[in-house]
Amino acid sequence: MKTTKNKDELQKVRYSFLKILTGSDLSRRRLPFMAVESMNPGPVVWLTGCIHGDEVTGIVTIQEVFKVIRRQPLLCGSLYAFPLMNPIGFETASRNITLSKEDLNRSFPGDKIGSVAERIANIIFSTIKETNPTLVLDLHNDWMKSIPYTVLDPNPGSAHKKAYEQTKKVAMESGFLVVQEIEEVKGSFSHSLLEHDIPALTIELGESYIVNEKNVEYGVKSIMRILAYLQMIAKPAEDFAYQAPQAAKGKILKFSSLPVSSASGIIRFLTRPGDLVKKDRAVAKIYNAFGKLQGTLLCKQDGVMLGHSDFSVAFPGAPVMAFGVF
Ligand SMILES: [Zn+2]
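Position numbers for residues start from 1 in each chain and track the written sequence from start to end. For a predicted model such as this one, the threshold for reporting local features is a pLDDT of at least 70, and the threshold for listing and counting side-chain atom pairs is 80 or more; totals across whole chains, interfaces and linings nevertheless cover every residue. In computing side-chain properties, one takes all heavy atoms of the structure into account and sets aside hydrogens as well as water.

### Concerning the layout of surface pockets
Selection rule: Every definition here rests on a 1 Å grid over the protein atoms only: cavities are sets of points where a 1.4 Å probe fits but cannot get out, pockets are open sets enclosed by protein on both sides within 12 Å along at least five of seven lines, and lining residues have some atom within 4 Å of a point. Grid points are joined across faces, edges and corners, and a volume is the space filled by probe spheres set on the points. Secondary structure is summarised from DSSP: a helix means a run of H or I of at least four residues, a strand means a run of E of at least two, and numbering begins at the N terminus for each. In this classification, Asp, Glu, Lys and Arg are treated as charged, Ala, Val, Leu, Ile, Met, Phe, Trp, Tyr, Cys and Pro as nonpolar, and every other residue, Gly included, as polar.
Taken as a whole, the largest pocket spans an internal volume of roughly 840 Å³. Together, 30 residues line the largest pocket, and Arg 95, Asp 142, Glu 181, Glu 204 and Phe 255 are the ones closest to its centre. Going through the elements one at a time, strand 5 (135–142), strand 7 (149–152), strand 9 (200–207) and strand 17 (321–325) are the ones with two or more residues in the lining of the largest pocket. Sort the elements by how many residues they give to the lining of the largest pocket and strand 5 lands first, with 4 residues. Its residues assigned to classes, the lining of the largest pocket comprises 10 nonpolar, 9 polar and 11 charged. The volume enclosed by the second largest pocket comes to roughly 390 Å³. Along the walls of the second largest pocket sit 19 residues, with Met 224, Ile 233, Ala 234, Lys 235 and Pro 236 positioned nearest its centre. Elements that contribute at least two residues to the lining of the second largest pocket include exactly helix 2 (57–71) and helix 7 (213–229). Counting residues per element, the lining of the second largest pocket draws most heavily on helix 7, at 6 residues.

Rendered as structure tokens:
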């Protein structure tokens, strides 16, 4: 007689908390933790969100991925998540940890007896490291006007080649544009993970501050595609690829915040996020208070516009746009 196991026998689901600190009013501050563990051994994948308190789409994306996995159990392996890494920043819609004004994403791998951010980073980092992870996907958000894309750290050198190469492969499987950072960001979560030989990819899911349902959908589909690539789930019936310019597909673009603003004034953008741009094309104009043109910003290289500043105020030297360049 054939017996089919029910969903609860195929995997264990656990939602709990890790304590981070006790407030002055004696309230306990905690990190929500989510886990789904298949009965079959396999890859260990972490999803992390809201390291910057104003970047909220990742939280919902993680919740939705877990809903899908609870309906369609993992074939093997474990999926863990810290959906809300910076609850203190989140409650005040702030990027940093409001208590100490620190950027949690510059505080890794953390320190048990360090600052507030370093202590939280230490709890996150040591918990993840203990599970011997195959991959960490860190979900972020960008300017209000921006497209979703993945961010690959700069090559951390031959000592960490394996983790870097695996991250690169996962980035190419994400269905998003792949953009590589030029400079390494010391103390960032993904940089620290790579330095500890843990593959780690950052996914930018469009705008900050508010949950954009379209970006949640893209995020869930991309994560499902990556889990299928790792053979933790069956290949989704419908494939996912973000609508990006054809010329950028299958390539690794380089991140660029050039051209920066050339003058003070009011900036008017001439291109939209997702547009393919050519070198020397005018991408923005800056006007003074009387409407007189102060400068025209020209694109430095061929590429894709990723996003532009949330404010129309311009100062000389201020970065106002981001590009992935060929
Ligand atoms: Zn961020």
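### Some details on unusual backbone geometry
Residue Pro 109 follows Phe 108 across a cis peptide bond; omega there is 5 degrees. In this chain, Leu 258 is followed by Pro 259 through a cis amide linkage whose omega measures 0 degrees. Counting through the fold element by element, Pro 259 comes out in the loop between strand 10 (252–256) and strand 11 (265–269). Residues other than glycine seldom take positive phi values, yet Asn 132 does so here, at roughly 55 degrees. Residue placement: Asn 132 occurs in the loop between helix 4 (116–130) and strand 5.

### Thoughts on the environment of Leu 227
For clarity, the threshold we go by: Accessible area is worked out with a 1.4 Å probe on protein chains only. A residue is then buried under 20% of its type maximum, exposed over 50%, and partly exposed in between. In what follows, residue pairs with any heavy atoms lying within 4.5 Å of each other are defined as contacts.
Structurally, Leu 227 is set in helix 7. A relative accessible area of 0% means that Leu 227 is categorised as buried. Separated by 31 residues in the primary sequence, Leu 227 and Leu 258 have C-alpha atoms spaced 35 Å apart. Those residues in contact with Leu 227 that lie beyond four places of it in its chain are Val 45, Ile 69, Leu 79, Met 232 and Ile 233.

### Let's talk about the pairing of strand 14 (residues 293–298)
Consecutive residues of a regular strand have side chains that alternate between opposite faces of the sheet. Heads up, the condition is: In this scheme, strands are said to pair when DSSP sees at least two bridges between them.
Bridge count between strand 13 (residues 282–287) and strand 14: 5 bridges; the pairing is antiparallel. Pairing of Lys 285 across the sheet is with Thr 296, part of strand 14. Between the antiparallel neighbours strand 13 and strand 14 lie 5 residues, among them Gly 291 with a positive phi of about 90 degrees.

### Considering the nonpolar core
The condition that has to hold: In these notes, a set of buried Ala, Val, Leu, Ile, Met, Phe, Trp, Tyr and Cys residues joined through side-chain atoms within 4.5 Å is what counts as a nonpolar core.
By size, the foremost hydrophobic cluster in this structure holds 49 residues, and its most contacted members are Leu 47, Ile 69, Leu 79, Leu 137, Leu 177 and Leu 227. Ignoring any residue separated from it by four or fewer positions in sequence, one finds Leu 47 in contact with Ile 62, Val 65, Phe 66, Leu 79, Tyr 80, Ala 81, Phe 82, Leu 137 and Ile 223. Within the second largest apolar cluster, 26 residues are counted, among which are Val 44, Ala 121, Ile 128 and Ala 200.

### Here's the deal with the coordination of the zinc ion
The following threshold applies: Sodium, potassium and calcium take a 3.2 Å donor cutoff, other metals 2.8 Å, and in both cases only N, O and S atoms count; water is not among them, so sites may look incomplete. Note on geometry labels: four donors, all angles 85 to 135 degrees, give tetrahedral; four donors become square planar and six octahedral when opposite donors are over 155 degrees apart and every other angle is between 65 and 115; remaining cases are irregular.
With distances of 2.1 to 2.5 Å, the protein atoms coordinating the zinc ion are His 52 (ND1), Glu 55 (OE), Glu 55 (OE) and His 140 (ND1). Geometry at the zinc ion is irregular, judged from the 4 donor atoms that bind it and their angles of 56 to 151 degrees at the metal. Read from N- to C-terminus, the donor residues coordinating the zinc ion fall into the pattern H-x2-E-x84-H. Taken together, the residues span a long stretch of sequence, with His 52 in the loop between strand 3 (44–49) and helix 2 and His 140 in strand 5 at a distance of 88 residues. Taken individually, His 52 and His 140 each receive the classification buried, so the pair is uniform in this respect.

### Some words on the environment of Leu 135
Structurally, Leu 135 is set in strand 5. Assessed through its relative accessible area of 1%, Leu 135 is described here as buried. C-alpha separation for the pair Leu 135 and Pro 199, spaced 64 residues apart in sequence, amounts to 4.9 Å. Not counting the four nearest positions on each side in its chain, Leu 135 is found in contact with Val 44, Val 45, Trp 46, Val 170, Pro 199, Ile 226 and Leu 230.

### With respect to the packing of aromatic side chains
The condition is simple: The pairing test for Phe, Tyr and Trp rings, Trp by its six-membered ring, is centres within 6.5 Å, and the orientation test on the planes gives stacked under 30 degrees, edge-to-face over 60, and tilted for anything in between.
Counted under the stated rule, the structure contains 12 aromatic pairs. Ring geometry for Trp 46 and Tyr 80: centres 5.2 Å apart, planes at 45 degrees, overall tilted. Pair noted here: Trp 46 is in strand 3 and Tyr 80 is in strand 4 (residues 78–82), with a separation of 34 residues, a long-range link. A relative accessible area of 0% means that Trp 46 is categorised as buried. On the basis of relative accessible area, Tyr 80 is assigned to the buried category, the value being 8%. Ring geometry for Phe 108 against Phe 189: centres 4.6 Å apart, planes inclined by 40 degrees, an arrangement best described as tilted. With Phe 108 in the loop between helix 3 (87–90) and helix 4 and Phe 189 in helix 6 (residues 189–195), this residue pair connects regions lying 81 residues apart in the sequence.

### Some remarks on helix 5 (residues 161–172)
Worth spelling out the cut-off: One less than the residue count of a helix, multiplied by 1.5 Å, gives the span that helix is expected to have. By arc we mean the arc of the directions from the helix axis to the C-beta atoms, nothing more.
Between its first and last C-alpha, helix 5 extends 17 Å over 12 residues, near the 16 Å set by a 1.5 Å rise per residue. Of all the positions in helix 5, only Ala 163, Tyr 164, Thr 167, Val 170 and Ala 171 are classed as buried. When helix 5 is viewed along its axis, its buried side chains cluster within an angular range of 125 degrees and face the same direction. Each element contacted by the buried residues of helix 5 is listed here: strand 5, strand 7, strand 8 (178–180), helix 6, strand 9 and helix 7.

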